[in-house]
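Survey of secondary and tertiary structure
Now for the letters of each chain:
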Amino acid sequence: MKKNLLLLFIVIISSNLFGQEKIFGYYSSNVASLGFFVTKIQLNENYTFEYEFSGDLVHESGKGKFKIIDKNVILLTFDIEQEDEKNVEELLSSGNPQIENKKYKYKNGKLFSFHSDGHVVKRGKAISRHKKYLFWGERYMTKRRIYLKKQND
């Protein structure tokens, strides 16, 4: 009886620690980066995703496939769209219409992005939670934790 309980306990703990099913779901920014920009990602169980980055005058969206590396690093690989499928909005926008592949680190229901030099970005410029003065005034820009938070279904 004790061996069965021990085996059941080990199975439950290992599935909670190493289960990748917790990664799948819808993620969105916990706060608007620089006061404008919001990222949304839908990770599906068939290892496809939908990505949207929007703010001020910028809007990028894409679909593709992702893979999980080292149990907690997610690499997003975007599908390349054909020229005739691009809409007028994308053709008239400035910048590169093709989105580069992105990498995120998964930890406790949160996705942290990687900087171009390879380190994980945990803090960024965003609007403060507090008012400028004790009870009144506008909110101000400050460095705070910035990540994509998993939303409940």
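Note that the coordinates shown come from a computational prediction; the quantities given were computed from them, not determined experimentally. Per-chain numbering applies: the sequence of each chain, read as written, is numbered from 1 onward. Local features in this predicted model are restricted to residues of pLDDT 70 or higher, and side-chain atom pairs are both shown and tallied only at a pLDDT of 80 or more, whereas totals for entire chains, interfaces and linings draw on every residue. For side-chain calculations, the full set of non-hydrogen atoms in the structure is used, while hydrogens and water are omitted.

Description of the overall build of the protein
Numbering goes from the N terminus for both helices and strands, where a helix is a DSSP run of H or I of at least four residues and a strand is a run of E of at least two. A count of helical and extended segments in the protein gives 2 helices and 10 strands. Summary of the burial criterion: residues with accessible area below 20% of their type's maximum are buried, those above 50% are exposed, and those between are partly exposed, where the area comes from a 1.4 Å probe applied to protein chains only. Expressed as a percentage of the 153 residues in the protein, the buried residues total 25%. At a minimum sequence separation of 6, the contacts of the protein that also span at least 24 residues come to 39%. Surface accessibility in these figures is a Shrake-Rupley result with a 1.4 Å probe; residues are shielded only by whichever protein chains are displayed. Roughly 11400 Å² of accessible area belongs to the protein as shown, and the carbon and sulfur atoms make up 54% of that amount. Note on definitions: a residue-residue contact is assigned when non-hydrogen atoms from the two residues lie within 4.5 Å.

Observations concerning the sheet that holds strand β4 (residues 58-69)
The sheet built from 8 strands closes into a barrel, its strands ordered β1-β2-β3-β4-β5-β6-β7-β10 with antiparallel pairing. Across the sheet, the axes of successive neighbouring strands diverge by a mean angle of 30 degrees, strand direction being ignored. When DSSP finds two or more bridges between a pair of strands, those strands are recorded as paired. Two elements, strand β6 (residues 102-107) and strand β7 (residues 110-113), share 4 bridges in a ladder whose sense is antiparallel. Its bridge partner lying in β7, Tyr 106 is registered against Leu 111. Here, axes are lines fitted to C-alpha atoms. For helices the fit covers the stretch in contact, and angles between N-to-C directions go from 0 to 180 degrees.

Considerations on unusual backbone geometry
Although it is not a glycine, Tyr 47 sits at a positive phi angle of roughly 60 degrees. Tracing the sequence through the fold places Tyr 47 in the loop between β2 (38-43) and β3 (48-55). On the basis of relative accessible area, Tyr 47 is assigned to the partly exposed category, the value being 32%. The phi dihedral of Lys 71 is positive, around 70 degrees, even though this residue is not glycine.

A word on the nonpolar core
Leu 43, Tyr 51, Phe 66, Ile 74, Leu 76 and Leu 111 are the most contacted members of the largest nonpolar core, which totals 19 residues. Among the secondary structure elements, those contributing two or more residues to this core are β2, β3, β4, β5 (73-78) and β6. Look past the residues within four positions of Phe 66 in its chain and what remains in contact with it is Phe 24, Leu 43, Asn 44, Tyr 47, Thr 48, Phe 49, Ile 74, Leu 75 and Leu 76. Nonpolar core, defined: a set of buried Ala, Val, Leu, Ile, Met, Phe, Trp, Tyr and Cys residues in which side-chain atoms within 4.5 Å join the residues together.

Quick word on the confidence of the model for the protein
Looking at the protein, pLDDT values average 76 and 69% of them are 70 or higher. On a range of 0 to 100, pLDDT expresses the predictor's confidence in each residue. Looking at the elements of the protein, mean pLDDT is at its lowest for helix α1 (residues 2-18), recorded as 55, and at its highest for β2, recorded as 91.

A short note on the packing of aromatic side chains
Ring pairs (aromatic) are described by centroid distance and by the angle formed between their planes. A pair of aromatic rings is counted whenever rings of Phe, Tyr or Trp (Trp by its six-membered ring) have centres within 6.5 Å, and the orientation is called stacked for planes under 30 degrees apart, edge-to-face for over 60 and tilted otherwise. Counted under the stated rule, the structure contains 7 aromatic pairs. Between Phe 37 and Phe 53, the ring centres sit 5.6 Å apart and the planes meet at 10 degrees, which makes this aromatic pair stacked. One end of the pair, Phe 37, is in the loop between β1 (25-29) and β2; the other, Phe 53, is in strand β3, and 16 residues separate them in sequence. Across the pair, Phe 53 and Phe 37 agree in class, each one buried. Measuring from ring centre to ring centre gives 5.7 Å for Phe 112 and Tyr 147, while their planes differ by 55 degrees; the resulting arrangement is tilted. Here the residue Phe 112 occupies a position in strand β7, and Tyr 147 occupies one in the loop between β9 (139-145) and β10 (148-150), the gap between them amounting to 35 residues. Phe 112 gets classed as buried once you look at its relative accessible area, which sits at 3%. Every member of this aromatic cluster is reached through a ring pair, and the members are Phe 24, Tyr 47 and Phe 66. Across the ring face of Phe 114, the terminal group of Lys 103 is positioned such that the distance to the ring centre comes to 4.9 Å. The rule is short: NZ of Lys or CZ of Arg within 6 Å of the ring centre and within 35 degrees of the ring normal puts a charge over the ring. In this structure, Lys 122 packs its charged tip against the face of Phe 112, placed 5.9 Å from the ring centre.

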